[in-house]
Amino acid sequence: MARPLTLDPDRLFPADEHSRSIARDLYREIADLPIVSPHGHTDPAWFATDANWTNATELLLAPDHYLYRMLYSQGVSLDALRVPHKGGVPATDPRAAWALFAANYHLFRGTPSRLWLDHAFAEVFGMAVRLEADTADLYYDTIAEKLASDAFRPRALFDRFRIDFLATTEGAQDDLAHHAAIRRSGWGGRVVTTYRPDGVIDVEHEQFAGALAAFGELTGEDVHGWQGYLAAHRNRRAFFRSMGATATDHGHPTAATANLSPAECEALFGRIVGGSWTPADAELFRAQMLTEMAKMSRDDGMVMQIHPGSVRNHNAGLFASHGRDKGADIPGRTDYVHALRPMLDVVGTETDLAIILFTLDESTYARELAPLAGHYPCLKLGPSWWFHDSPEGMRRFREMTTETAGFYNTVGFNDDTRAFLSIPARHDVARRVDCAFLARLVAEGRLEDWEAAELATDLTSTLVRRAYRVDQSAPAAQAT
Amino acid sequence: MARPLTLDPDRLFPADEHSRSIARDLYREIADLPIVSPHGHTDPAWFATDANWTNATELLLAPDHYLYRMLYSQGVSLDALRVPHKGGVPATDPRAAWALFAANYHLFRGTPSRLWLDHAFAEVFGMAVRLEADTADLYYDTIAEKLASDAFRPRALFDRFRIDFLATTEGAQDDLAHHAAIRRSGWGGRVVTTYRPDGVIDVEHEQFAGALAAFGELTGEDVHGWQGYLAAHRNRRAFFRSMGATATDHGHPTAATANLSPAECEALFGRIVGGSWTPADAELFRAQMLTEMAKMSRDDGMVMQIHPGSVRNHNAGLFASHGRDKGADIPGRTDYVHALRPMLDVVGTETDLAIILFTLDESTYARELAPLAGHYPCLKLGPSWWFHDSPEGMRRFREMTTETAGFYNTVGFNDDTRAFLSIPARHDVARRVDCAFLARLVAEGRLEDWEAAELATDLTSTLVRRAYRVDQSAPAAQAT
Amino acid sequence: MARPLTLDPDRLFPADEHSRSIARDLYREIADLPIVSPHGHTDPAWFATDANWTNATELLLAPDHYLYRMLYSQGVSLDALRVPHKGGVPATDPRAAWALFAANYHLFRGTPSRLWLDHAFAEVFGMAVRLEADTADLYYDTIAEKLASDAFRPRALFDRFRIDFLATTEGAQDDLAHHAAIRRSGWGGRVVTTYRPDGVIDVEHEQFAGALAAFGELTGEDVHGWQGYLAAHRNRRAFFRSMGATATDHGHPTAATANLSPAECEALFGRIVGGSWTPADAELFRAQMLTEMAKMSRDDGMVMQIHPGSVRNHNAGLFASHGRDKGADIPGRTDYVHALRPMLDVVGTETDLAIILFTLDESTYARELAPLAGHYPCLKLGPSWWFHDSPEGMRRFREMTTETAGFYNTVGFNDDTRAFLSIPARHDVARRVDCAFLARLVAEGRLEDWEAAELATDLTSTLVRRAYRVDQSAPAAQAT
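Residues numbered from 1 in each chain as written. Chains lettered and ligands numbered in written order. Predicted model: local features only at pLDDT ≥ 70, side-chain atom pairs only at ≥ 80, totals over all residues. Heavy atoms only, no water.

Think of interface size as the accessible area that goes away when the parts come together; that is how it is often given. At the junction of the two partners, chain B supplies 47 residues and chain A supplies 50 residues. Counting the surface chain B buries against chain A, the share from its top three residues, Arg367(B), His375(B) and Glu403(B), is 19%. Where chain B touches chain A, the interface holds eight salt bridges. As a salt-bridge pair, Glu392(A) and Arg440(B) come within 2.9 Å of each other at their nearest N and O atoms. There are 26 residue pairs in polar contact (both at pLDDT 80 or more) connecting chain B and chain A. Contributing elements (two or more residues each) for the side of chain B that touches chain A: α1 (17-30), α15 (341-347), α16 (363-373), α17 (391-405), α18 (423-443) and α19 (449-467) of chain B. The element that contributes the greatest number of residues to the side of chain B that touches chain A is α16(B), accounting for seven residues. Residue composition of the side of chain B that touches chain A, by class: 17 nonpolar, 14 polar and 16 charged. (Contact = heavy atoms within 4.5 Å. Buried area = accessible area lost by both parts, 1.4 Å probe. Salt bridge = Lys/Arg side-chain N within 4 Å of Asp/Glu carboxyl O. Polar contact = N/O pair within 3.5 Å; in protein donor to acceptor, adjacent residues only side chain to side chain. Helix = DSSP H or I, 4+ residues; strand = E, 2+ residues; numbered from the N terminus. Nonpolar A, V, L, I, M, F, W, Y, C, P; charged D, E, K, R; others polar.)

What follows is the structure, given as structure tokens:
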């Protein structure tokens with residue numbers, strides 16, 4: 001007696017009928033707009049090879065830290081979920097891993113993962129019953145069968161999802177072979193890269209030396225000298241732009257920026273590459289590099305994204321056994337008002353530069369980020385991020401930023417995901433929550449209905465295209 | 001023309017009729033579940049002696065810092081309320097104190113104290129008119145008369161309130177005589193203790209030396225040596241367990257933990273007992289002791305509660321005249337992500353250990369606590385605490401923790417009170433606010449109605465029993 | 001085809017019909033109460049001279065940093081808006097500036113500025129169509145014509161707005177000539193001053209030396225000696241009181257207070273006036289002066305307001321070209337619990353002293369400010385301030401402070417504005433949001449309807465009169 005799986009057509013709209021009908025009307029007009037995904041972590045190899053995915057565990061469970069961190073928090077072992085450890089992939093039967101997940105699916109009640117998964121189950125795979133212990137095999141078999149079909153290959157789903165633009169994220173030392181293959185293939189899907197140079201900036205990363213060496217090799221620059229190192233960045237940024245990139249991305253522990261003199265930069269870089277750096281040097285170098293990246297963005301027009309504030313690899317035991325990116329990154333308190341000032345002293349008044357700020361510390365929305373974005377021409381606010389990419393998180397974002405920064409200093413939605421099948425669900429959640437917020441403003445007499453309709457389109461489409469300069473992305477022809 | 005006192009049967013449910021009817025249905029099924037109170041500060045002497053209480057001022061007003069702090073903030077003197085000072089109990093007539101309180105009862109509009117008191121007035125004492133200046137005597141006389149009856153003695157009320165399990169909190173140097181008396185008495189009420197060793201850990205407490213001496217005497221250990229001191233803790237923990245304790249509790253100024261080497265521990269403890277400690281040593285010792293307590297919990301199965309972040313005795317003038325716990329403790333900013341790391345390096349991946357985290361700094365809910373509890377197997381989130389134990393506070397707790405930690409990394413409700421007569425009211429508020437939150441999720445299509453019904457029971461009963469290991473509490477027979 | 005401008009009579013009330021009708025009933029009773037404006041920044045010269053204002057750009061746009069910061073954030077130049085720079089007023093045609101503003105008016109969707117302006121356009125100027133590019137000239141001409149009439153001179157509008165009491169803010173070194181003129185004029189409007197001595201306390205202000213010299217000259221005291229400096233403050237406070245002032249105001253970067261010995265004060269002041277101070281000295285001096293001001297308030301009965309936490313002049317480029325107060329002040333994290341303690345050690349238990357606390361850091365509402373104000377007799381909470389003076393900001397203020405501090409430790413509304421024409425709109429927003437909050441409490445059974453009605457009047461009128469000692473303000477006769 002499996003329970004039916006249906007998606008409430010009014011989900012995420014306000015409960016009172018007056019606001020709900022306004023939200024419904026707003027949503028109807030934007031529900032089917034194409035997806036623009038300007039920041040995320042899907043694998044370009046999928047679109048380069050267009051190979052079939054295999055099964056639910058490999059595609060949906062084992063790579064998704066949102067899912068296995070919750071199970072891990074309740075005492076489930078990562079091995080039992082086939083999450084790779086440092087020694088490789090555990091021998092667990094993928095079907096058994098899926099059954100374990102299904103039996104624990106109630107843990108996700110009230111979480112966005114539950115919304116995303118149910119949407120994918122119902123809309124992508126056409127499941128009509130809920131995932132639970134009793135339906136685990138039905139799910140596993142149905143999904144495996146569909147994934148083996150042509151209609152479920154990456155490019156087919158890309159088209160079916162009506163994705164107009166999809167940006168992946170690659171390191172400065174990446175050769176972008178998959179992106180080159182996509183662009184050579186003649187396939188019409190717009191999949192572009194994003195320049196994320198953290199690996200050659202963060203000297204505290206365990207693979208910094210290797211990344212720097214690859215960086216030098218790819219560019220032919222003397223990356224052990226300050227000027228050569230900067231030139232290498234310029235070189236790679238140009239190459240990334242030729243692969244369609246319109247943006248850079250910077251994931252730093254803090255939002256610290258610096259504005260050192262050229263001599264100080266030379267000396268600091270000497271310590272960094274010479275191996276005599278302290279943790280304070282590492283932080284100062286990251287800080288100075290944000291300012292350098294901002295200056296390069298001023299010159300080359302790339303949009304700059306700053307994602308600060310995650311304390312990475314918090315679980316020492318898990319880091320030892322499983323390495324990075326295993327759901328053990330925890331946000332910390334983040335300052336912007338003091339941290340960004342050195343960079344803003346250099347580029348703050350630029351009107352052609354776009355720096356998009358993200359946060360994991362919601363206490364900064366109304367206090368620091370909205371006042372900053374509501375003043376500086378170069379600053380915009382990225383959408384609610386990571387742990388806050390959720391109905392409540394999005395609502396708080398709008399409630400705490402709109403009154404000071406307005407809507408037009410925000411940049412639409414980012415799905416920021418490596419879970420390709422969740423992309424339609426995530427954009428749908430964002431569109432619904434925005435419509436719910438706009439409906440409340442209309443119901444409370446704070447906005448006219450025609451303004452809300454314009455805003456619904458702006459938040460879904462106009463702002464993201466403009467902020468990320470989507471329509472300035474290099475076309476495939478240029479790159480071949 | 002006194003105004004009627006009635007409790008709205010739909011109180012604390014959402015205002016819109018659709019959500020309200022869902023909440024009403026959810027609440028109906030859990031309203032009468034027995035009370036499990038795993039953490040609080042009632043006096044075990046009440047249940048040991050079962051003596052009658054005297055009057056409203058002695059029972060409800062003079063010991064309740066929620067009440068007299070509000071009156072004090074408006075210029076009312078504590079003497080006029082019969083709040084004890086260092087010299088003893090003021091000579092104020094208790095009836096006059098009560099009248100003063102009644103005349104100022106409007107100050108509590110919008111506060112949880114008002115909800116708790118009205119509930120107790122109506123449900124426990126059967127009052128039919130509101131408390132105000134004109135009804136002060138009626139209240140005073142009615143309450144005094146009832147308190148003198150057998151039906152209002154502590155054990156009778158315990159049964160009437162349908163309390164299934166009630167934990168008090170005692171210091172490591174407490175002899176637990178009242179608990180022993182309760183267990184010897186043959187009374188069936190489950191009243192257990194909780195191990196709270198702050199008095200022998202916080203060297204900055206003015207009574208540390210005396211507490212440490214008592215600790216040594218009770219245990220027969222050399223508590224002035226590091227190993228003997230740890231052995232004494234193990235000894236007392238075992239004794240507390242024999243008195244039904246399933247948990248420990250730690251009220252520290254910060255959440256700092258440490259992971260010192262044995263030699264560093266020895267040296268630090270030497271300074272602590274030798275009197276040569278600095279404030280930094282005092283903090284480091286508290287930090288190290290949290291890790292020691294976590295290791296002991298790993299060994300003996302006691303659930304560990306951490307209540308950090310209160311700046312105690314903030315009002316120097318009041319501390320001089322009245323001493324501790326007089327409503328002058330003020331929360332401060334609290335860090336968890338860095339503070340807990342040393343302890344988690346030691347015990348973070350344990351799946352049998354339970355550490356329940358509380359906070360007075362709501363900015364940590366979504367930023368630090370939910371991400372930590374949604375990852376570490378040993379961490380759970382305690383309910384909204386103290387100033388946040390209120391309808392708005394509970395709502396914020398659910399809104400800011402559920403999406404990342406889920407419901408199943410939380411532990412149900414704590415009344416955390418010394419106000420025995422408010423216990424039913426407090427649990428009722430929690431149940432109603434949880435039903436209101438669940439109703440919103442159902443109304444917004446984020447949860448099925450049958451899931452919400454399961455969750456309502458889980459949040460009221462299942463989770464608290466499991467988290468606090470209620471059903472593993474030592475029965476009275478063992479202790480006699 | 002201009003769109004009609006109408007104000008929803010139910011604006012800012014909850015959307016569900018049940019709560020909405022309660023809010024509507026509450027609001028009806030207080031909508032027309034006179035305005036008490038105990039803190040703001042209107043120009044006393046307006047009321048002294050009663051001269052006509054000129055046009056929309058000069059009156060509404062160029063002086064309002066809420067407006068031009070938003071336009072600036074979207075790349076509009078301040079020159080194009082006729083915002084004065086260091087070299088004077090730009091040559092831009094005011095009509096063209098207004099047209100640029102009108103064409104960008106959609107940027108304010110969802111902001112309080114939009115609510116305030118539409119209210120002023122509709123209610124003060126009688127506009128029937130919305131401001132947009134097409135109606136810019138109609139607006140400009142209509143407003144200019146009205147402003148030229150007698151009915152739109154400052155005193156006429158003061159009466160029309162039903163302002164009962166209006167406090168401006170002047171520096172310690174101000175001669176209060178305009179206030180003297182107002183009081184000599186025989187006009188009945190109660191316009192009083194507020195003592196804001198920041199200019200002679202903040203040694204880091206670029207005009208400190210000049211301000212201190214004027215301070216000495218006005219008072220005849222030796223303001224370069226500590227005792228003379230304090231005497232000068234007492235002297236000016238008395239003079240301000242004679243000009244109707246009932247309050248002082250202190251805008252400091254932090255809430256730091258200090259409690260130095262007399263000898264330490266002398267030494268610190270020596271460094272301050274001797275020019276040998278460090279930034280730490282500057283901060284310590286501001287901190288000590290808050291305590292000195294509190295002691296003087298204890299003696300002379302002036303209400304003390306503390307507005308901390310703004311990082312001033314954040315945009316270095318803009319500060320160089322345009323100077324202070326150009327929309328580039330950004331809030332920072334603010335601590336109160338530790339910062340206020342030295343001052344509270346001195347005056348914390350006073351029951352006749354009133355210190356009103358404000359914040360730009362909403363994370364302190366529930367954590368620090370409500371617990372402090374719900375305990376200390378001398379502390380009260382000012383309303384939501386600056387970036388938080390908005391519907392969402394006011395709602396958060398009530399939701400996060402009421403349960404701990406109650407309503408009666410708050411002080412009603414402050415418009416805190418230099419935009420005179422927005423005063424009715426701002427008070428109307430506050431009254432509506434308070435009624436909406438009260439309506440929710442009634443709908444949720446947390447408050448009786450008659451209590452909510454009493455509270456609506458208290459929040460609008462009673463509390464502000466009492467907190468600011470409005471009815472103890474020196475009448476004009478005394479000052480002549």
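Before going further, it helps to examine the domain arrangement of chain A. All names here are of chain A. By domain assignment, chain A separates into domain 1 (52-152) and domain 2 (154-468). Each partner contributes residues to the interface: domain 1 has 27 residues there, and domain 2 has 32 residues. Here domain 1 and domain 2 share an interface that buries about 2,400 Å² over both sides, 65% of which is from carbon and sulfur atoms. Taken together, the connections running from domain 1 to domain 2 amount to zero salt bridges. Connecting domain 1 to domain 2 are seven residue pairs in polar contact (both at pLDDT 80 or more). If you tally residues by element for the side of domain 1 that touches domain 2, the top one is helix α6 (residues 112-124), at seven residues. (Domains from an automatic or database assignment.)

The next subject is the packing of helix α18 (residues 423-443) of chain C against helix α19 (residues 449-467) of chain C. Residue and element names in this part refer to chain C. Where α18 contacts α19, the axes come no closer than 10 Å and their chain directions differ by 160°. Accordingly, the angle class assigned to the pair α18 and α19 is roughly antiparallel. Where α18 crosses over α19, the handedness of that crossing is right-handed. Facing α18, whose interface residues are Arg 431, Asp 434, Cys 435, Leu 438 and Val 442, α19 presents Asp 449, Ala 452, Leu 455, Ala 456, Leu 459 and Thr 460. Grouping the amino acids of the contact of α18 with α19 by side-chain chemistry returns seven nonpolar, one polar and three charged. (Axes fitted to C-alpha atoms, helices over the stretch in contact; angles between N-to-C directions. Parallel < 35°, antiparallel > 145°, perpendicular 65-115°, else oblique. Left-handed = near helix turned anticlockwise from the far one by under 90°.)

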